[in-house]
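Residues per chain are reported as follows:
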Amino acid sequence: MNTRKLCLFVLLTLLLTACGKADPAVTNSNAPLEAKISESTGAQLPADPAVPQNQGDSIDFRYLYRGFSTISLDDMAAFEAFSGFGTKLILNEEDWSTFMDSYCPGIPYYDTCDFSKECLIASVIQGARPTYANSNTITRLSWGEGYFVFEYDNNPANYIYALNGENGTHFYVEVIIVSRADLPDDVEGFVYRPLD
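One structure accompanies this document, and this report is about it. (Residues numbered from 1 in each chain as written. Predicted model: local features only at pLDDT ≥ 70, side-chain atom pairs only at ≥ 80, totals over all residues. Heavy atoms only, no water.)

**Remarks on the nonpolar core**
Quick reminder of the rule: We define a nonpolar core as any set of buried Ala, Val, Leu, Ile, Met, Phe, Trp, Tyr and Cys residues linked to one another through side-chain atoms lying within 4.5 Å. Per-residue accessibility, obtained with a 1.4 Å probe over protein chains only, is compared with the maximum for each type, and a residue is labelled buried under 20%, exposed over 50%, and partly exposed between these values. Counting from the N terminus, the helices are the DSSP runs of H or I reaching at least four residues and the strands are the DSSP runs of E reaching at least two. Contact definition: two residues touch when any of their heavy atoms are within 4.5 Å.
Of all hydrophobic cores here, the largest spans 23 residues; its most connected members are Ile90, Trp96, Phe99, Tyr103, Leu120, Val124 and Val175. When contributions to this core are tallied by element, the ones reaching two or more residues are β1 (61-72), α3 (76-83), α4 (93-103), β3 (118-126) and β8 (168-179). In this view, Tyr103 contacts Ser69, Ala81, Phe82, Phe85, Val124, Val173 and Tyr192; residues no more than four positions away in its chain are not counted. By size, the runner-up hydrophobic cluster in this structure holds 15 residues, among which are Ile138, Leu141, Leu183 and Phe190.

**Some remarks on the state of the cysteines**
The line we're drawing: Cysteine sulfur atoms that come within 2.5 Å of each other are treated as a disulfide pair.
Tallied over the entire structure, the rule returns zero disulfides. No disulfide involves Cys113; its sulfur sits 7.2 Å from that of Cys119, the nearest cysteine. Since its relative accessible area comes to 9%, Cys113 is described here as buried.

**Description of the side chain of Ser123**
The cut-off we apply is this: Nitrogen and oxygen atoms within 3.5 Å of one another constitute a polar contact, given that in protein one can donate a hydrogen and the other can accept it, and given that sequence-neighbouring residues count only through two side-chain atoms.
Along the chain, Ser123 falls in strand β3. The class of Ser123 is buried, set by a relative accessible area of 3%. Looking at Ser123, its side chain comes within polar contact range of the side chain of Thr87, at 3.1 Å. The residues contacting Ser123, other than those within four sequence positions of it, are Gly86, Thr87, Phe150, Tyr172, Val173 and Glu174.

This is the structure:
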């Protein structure tokens, strides 16, 4: 009977060890799966027709504003406005002022852009963690099949963190300046239209 228990124990141990064994070559990163496979094996994945492969030319940009806004968890209207903002184009000084007053109240902003030649791309992003929000640095911007494609640094050593409290959460707000000449023609759906 003891031999049977020992054999069963060894078998279960082998099964559990094999199921839970981690591949030391795989690291926990935000890099796309394709990059992980290419780096580790040199193999190329076949193109997935559902995922755009050519994200278009890079769009030059510079940062104008990066920061966090705190929203009370009791203020559902503000929470829904922040959650639903996403990424929008700001085309004039009046809408820029309205955006800052709505999404970054009390934050002074001095620098702006020449709206006759440039425009702003504003993003309001809710952190994925309930205990904190973090920022990331854009390294590349392009246009891909009807949407802006942001590539990020994804280096936690460069993140800026904001701790969420019991009664509030943080949204990361970033605003970049781009030349109007670099934008594609089909961006009308991304234009910020403040409520009156």
